Every structure is written in C-alpha cells, then in structure tokens.
Amino acid sequence: MNKITVVGSINLDTTIRTEQFPKPGETIHSKEVFTNGGGKGANQAIAAARNGGQVNFIGAVGNDNGGKALVELLEQDGINTSAIDHLANIKTGSAYVTVDDNGENSIVIYGGANQQISSEHILDNSELISTSDYVIAQLETNLSSIEQSFEIAKKSAALTILNPAPALREMPDSIIRMTDILIPNEIELETIIGCTIDTKEDLIKAAKIIHSLDVKVLIVTLGSKGAFYSVLDGKQGFVPASKVSVVDTTAAGDTFIGAFTTKLSMDFENIEEAIKYANKAASLTVQRYGAQPSIPYESELGEKEQKIKV
C-alpha cells in the first residue's frame, strides 16, 4: 500500500447543468444545481484513498460549516485529516462549475483558505511528508506551501508529484526542478514550455524539455485520446483511453492522478500498468455528475470492467 500525502485544495463545489455555456451578456436557464465536495487536492486524495492508498492531507479550510463538512467527507474515506488547519476570518475555498450537455465544464474558483497555508503549518507536519512514498501537489494553494513541502520531500525518500493546474504562465523553476513526476494536460504543458502541442513529435520534444529540468517522469493526460508518458531513462509510450459516454468531465484528471499514484511502484517499472488502471478509474468518473461523488472505488473497477471498452 503506497503512503501518500496530498498538499492541496479543499473546495465546496456548486455545479450548474445547462444545455450550452452562456455567451457574454446572455441569460440561460439551468437544468439542475447541486453542491458537493471538491478541490483538486481533496479530489485526488479521495481518488487515492478509494483505490487502495494510505492517505494524509495537508491543507486549510475556514472555520465555517462548509469547511467542517468537507473535512468530514475526507474522513469518511479514511483520510488522515489531522493536518488540515481551520482558519478564522477567512472562508473555505469554493468553486462554481458549469457543465453542458456535451459533458464539458467551465470552472471559477475562489481560493479562500487554500491560499493561506502557512510555513509553520507545513513545518509542523513535515513528518507526514518525509515518511510518505509520494507527495502530491497542485496549483490551487499558495506556491510557498508547495515549494516547502517539496523541499522536505527531497530530503527524504519521498517522490514528488505535481499536477500543474490551473496552469500558471510564471511557474517557479524551483518547484519544477523539485518535481519527480509531472502530470499536466496538453494546455498546462503548453503553458509550461511555451510551445504548442499538436502531434506525437511535439509531445516527444516537450518531454525532452521537461526532463532537462530534472523531472524523472512526464505524463500528459490527453482526454479521450488517453495519456502519453515519458521516463527519463528513455521509456515512452501512449496508453489509450477507455471509450465511454461522457456526461461530466469534472474530476476526471484528479481521479487519474489519485488512482495512478496508488498503483505506481517507486522504481516506475509498472508505469504503463498504473496508467491503464488510472484511465479505467477516470472513465467511470466521466460517466457521473459532480466531483467527489463521481470518483470510483477500487472494487468498482473490477465489477464494471466488462462494461468498459479499452
């Protein structure tokens, strides 16, 4: 069982279903509105916990009812929440998600407490980081919390995983160079390297750039096309996605990362098998609405595998 610590965001998601996205100045009716747990960090932690990982969470919420409820949701999946700070005088992070009839989404995020994780808080929980196999971070928290967490991981045997989302045009070079495994989508990769990704050759060139920054593994999630991976030792390949009817892509990438991390060996020898597993998990997520409610359990992959065309 992989020991995983997530340093990340916790959001209260409000999801709005519509036939199509509104144009500027246009008012449209929604089909449905619902609220549930979200935040890329929390989603990835839940995906890891539901697929066999031993998971710790380092983050922050406001001292409000929403924050308390979101922490309880993490605890329901067996996640250690002792390192979640409850901050006064700031609201818990929130996200507003619009999903159209094609399953595509647009998201507006309010960072709130996610942007206030202190240096002291990271240091107080350094043992959780240093005793982990993997430390996962995204870009929905303050960058100083990520940098400090990765510095602690690098002094131990823990491997660092960065999901560079939402994409930042000015990503600190220091964070990239402390990343062992980088998992962006195409747009996020384009933002990091400053080049357009259209072809297989573009991905291979991008991998060379990323490896030159000391990153051991690059995995690019390609939506319905699957995933491309490249390991510093030269091993590369494409893993196709499962063919399913998509209703909501929210949390698909987070499910991939959490599920992948639970199955990956620390020598990367089984990387293709871990990606295949993560693709299957994500294929179930996109067939359901919402973020955390859509994330599958390990038992479901076996039960529903016959319904998934790979």
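Refer to the preceding data block for the structure.
Residues numbered from 1 in each chain as written. Predicted model: local features only at pLDDT ≥ 70, side-chain atom pairs only at ≥ 80, totals over all residues. Heavy atoms only, no water.

Colleague: Outline the overall build of the chain, supporting the account with residue identities and numerical values.
Modeller: Along the backbone of the chain there are 11 helices and 13 strands. The C-alpha atoms of the chain give 18 Å as radius of gyration, which agrees with the globular expectation for 310 residues (19 Å, within 12%). Across its three principal directions, the C-alpha atoms of the chain cover 50 × 45 × 40 Å. Within the span of the chain, comprising 310 residues, buried residues form 55% of the whole. In the chain, the share of contacts with a sequence separation of at least 24, taken over all contacts with a separation of at least 6, comes to 68%. With the model as given, the accessible surface of the chain reaches about 13,500 Å², and the carbon-plus-sulfur share is 49%. Across the chain, the mean location of the 26 positive side-chain charges is 6 Å away from that of the 40 negative side-chain charges. (Helix = DSSP H or I, 4+ residues; strand = E, 2+ residues; numbered from the N terminus. Rg over C-alpha atoms; globule rule 2.2 N^0.38 Å. Buried < 20%, exposed > 50% of the residue type's maximum accessible area, 1.4 Å probe, protein only. Contact = heavy atoms within 4.5 Å. Areas by Shrake-Rupley, 256 points an atom, 1.4 Å probe, with all protein chains shown as cover. Lys, Arg positive; Asp, Glu negative; His and termini not counted. Charge placed at Lys NZ, Arg CZ, Asp CG, Glu CD.)

Colleague: Before we move on, could you go through the nonpolar core and cite the residues and values that matter?
Modeller: Ranked by internal contacts, the top residues of the largest apolar core, which has 45 residues, are Phe 57, Ile 181, Ile 219, Phe 256, Phe 260, Ile 271 and Ile 275. Counting residues per element, this core draws most heavily on helix 10 (residues 271-285), at 8 residues. Filtering out sequence-adjacent residues up to four positions away, Phe 57 remains in contact with Val 6, Gly 8, Ser 9, Ile 10, Gly 41, Ala 42, Ala 45, Leu 74, Ile 79, Asn 80, Ala 83 and Ile 84. Membership of the second largest hydrophobic core comes to 37 residues, among which are Ala 83, Ala 137, Ile 152 and Val 215. (Core = buried A, V, L, I, M, F, W, Y, C linked by side-chain atoms within 4.5 Å.)

Colleague: Give me unusual backbone geometry: which residues, what numbers.
Modeller: Note that the residue after Ala 165, namely Pro 166, is joined by a cis bond; omega there is -5°. For Pro 166, the location among the structural elements is in the loop between strand 9 (159-162) and helix 6 (173-177). Its identity is not glycine, yet Phe 268 carries a phi of approximately 65°, on the positive side. Counting through the fold element by element, Phe 268 comes out in the loop between helix 9 (252-263) and helix 10. Since its relative accessible area comes to 11%, Phe 268 is described here as buried.

Colleague: I'd love a proper account of the sheet that holds strand 12 (residues 227-231), names of residues and values included.
Modeller: Strand order in this open sheet of 9 strands is 5-4-1-8-9-10-11-12-13, and the pairing throughout is mixed. Edge positions in the open sheet fall to strand 5 (80-87) and strand 13 (236-239), since each of these has one partner strand only. Sheet topology note: the strand 1 (residues 3-7)/strand 4 (residues 54-62) ladder contains 5 bridges and is parallel. Among the inter-strand pairings, Ile 4 is bridged to a residue of strand 4, identified as Val 55. (Pairing = 2+ DSSP bridges.)

Colleague: Which residues make up the sheet that holds strand 2 (residues 11-17), and what values do they have?
Modeller: In spatial order, the strands read 3-2-6-7; together these 4 strands make up an open sheet with mixed pairing. Edge strands, defined here as strands with exactly one partner in the open sheet, are strand 3 (32-38) and strand 7 (105-110). Direction aside, neighbouring strands of the sheet carry axes that sit 20° apart on average. The sheet contact formed by strand 2 and strand 3 spans 7 bridges and is antiparallel. Of the residues in strand 3, the one forming a bridge with Thr 14 is Thr 35. (Axes fitted to C-alpha atoms, helices over the stretch in contact; angles between N-to-C directions.)

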